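Structure assessment
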Amino acid sequence: MKIKEGFKLHDIGSECIVVAEGDSMIDYSSILSLNESGAIIWKAIEGEDFDVDTITQILLDEYEINEETAAADAADFVESLLEADLIIES
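All of the points below concern the structure found in this document. (Residues numbered from 1 in each chain as written. Predicted model: local features only at pLDDT ≥ 70, side-chain atom pairs only at ≥ 80, totals over all residues. Heavy atoms only, no water.)

Across its full length, the protein carries 3 helices and 5 strands. What you see in the protein, going N to C, is helices and strands ordered as β-β-β-β-α-α-α-β. What you see for the protein is a C-alpha radius of gyration of 13 Å, in line with the 12 Å of a compact globule of 90 residues. For the C-alpha atoms alone, the extent of the protein along its principal axes is close to 40 × 30 × 20 Å. (Helix = DSSP H or I, 4+ residues; strand = E, 2+ residues; numbered from the N terminus. Rg over C-alpha atoms; globule rule 2.2 N^0.38 Å.)

Below, the structure written as C-alpha cells:
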C-alpha cells in the first residue's frame, strides 16, 4: 500500500490533519484528523510502501505496548485510511 499522491499532513494548532494539496482537490468533507500516534505513523509511511506489519512495527518501536495491541491499532489505522480513500494498493 502507499499513500495517494497529493495528500499531505499539516499541523494546525494542536491538531494534525491530512488534506489534499491544490485548490481543485479540496474536499472539506474528507479531511482526516489524526491524533499524535496517527501523525507519527503518517510521517513514517509517507512516500513509502507499507502494510499492516510495517505500521505494527512503527507502533512497537514508538510505544511500550504488546504486539497484539499494536497489530490491532495498525489494522484500525489502515482501515481508516481506506475508508477516507487515502491509500492505494501498490
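Pairing is antiparallel across the open sheet formed by 3 strands, whose spatial order is 2-3-4. The sheet is open, and its two borders are formed by strand 2 (7-12) and strand 4 (32-34), each paired with just one other strand. Within this sheet the neighbouring strands show an average axis-to-axis angle of 30 degrees, counted without direction. Of the strand pairs in this sheet, strand 3 (residues 15-20) and strand 4 are connected by 3 bridges, and their pairing is antiparallel. Among the inter-strand pairings, Ile-17 is bridged to a residue of strand 4, identified as Ser-33. (Pairing = 2+ DSSP bridges. Axes fitted to C-alpha atoms, helices over the stretch in contact; angles between N-to-C directions.)

With that out of the way, let us pick up the pattern of salt bridges. Tallying each qualifying case throughout the model produces 1 salt bridge. The salt bridge partner of Lys-4 is Asp-85, with a shortest N-O separation of 2.8 Å. In this pair, Lys-4 is assigned in the loop between strand 1 (2-3) and strand 2 and Asp-85 in the loop between helix 3 (67-83) and strand 5 (87-88), connecting sequence segments 81 residues apart. Classification of Lys-4 as partly exposed rests on a relative accessible area of 22%. (Salt bridge = Lys/Arg side-chain N within 4 Å of Asp/Glu carboxyl O. Buried < 20%, exposed > 50% of the residue type's maximum accessible area, 1.4 Å probe, protein only.)

On to helix 1 (residues 36-45). Within an α-helix, residues lying three or four positions from one another point in the same direction, as the helix has 3.6 residues per turn. Buried residues of helix 1: Gly-38, Ala-39, Ile-41, Trp-42 and Ile-45, and no others. End-on, the buried residues of helix 1 take up no more than an arc of 165 degrees, which puts them together on one face. In helix 1, those exposed residues whose orientation departs by more than 90 degrees from the buried face are Glu-36 and Lys-43. Among the structural elements, strand 1, strand 2, strand 3, strand 4, helix 2 (52-62) and helix 3 are those in contact with the buried residues of helix 1. Its side-chain oxygen placed 3.1 Å from the backbone nitrogen of Ser-37, Asn-35 serves as the N-cap of helix 1. Looking one or two residues beyond helix 1, the residue adopting positive phi is Gly-47, at roughly 80 degrees. (Arc of directions from axis to C-beta. Contact = heavy atoms within 4.5 Å. Polar contact = N/O pair within 3.5 Å; in protein donor to acceptor, adjacent residues only side chain to side chain.)

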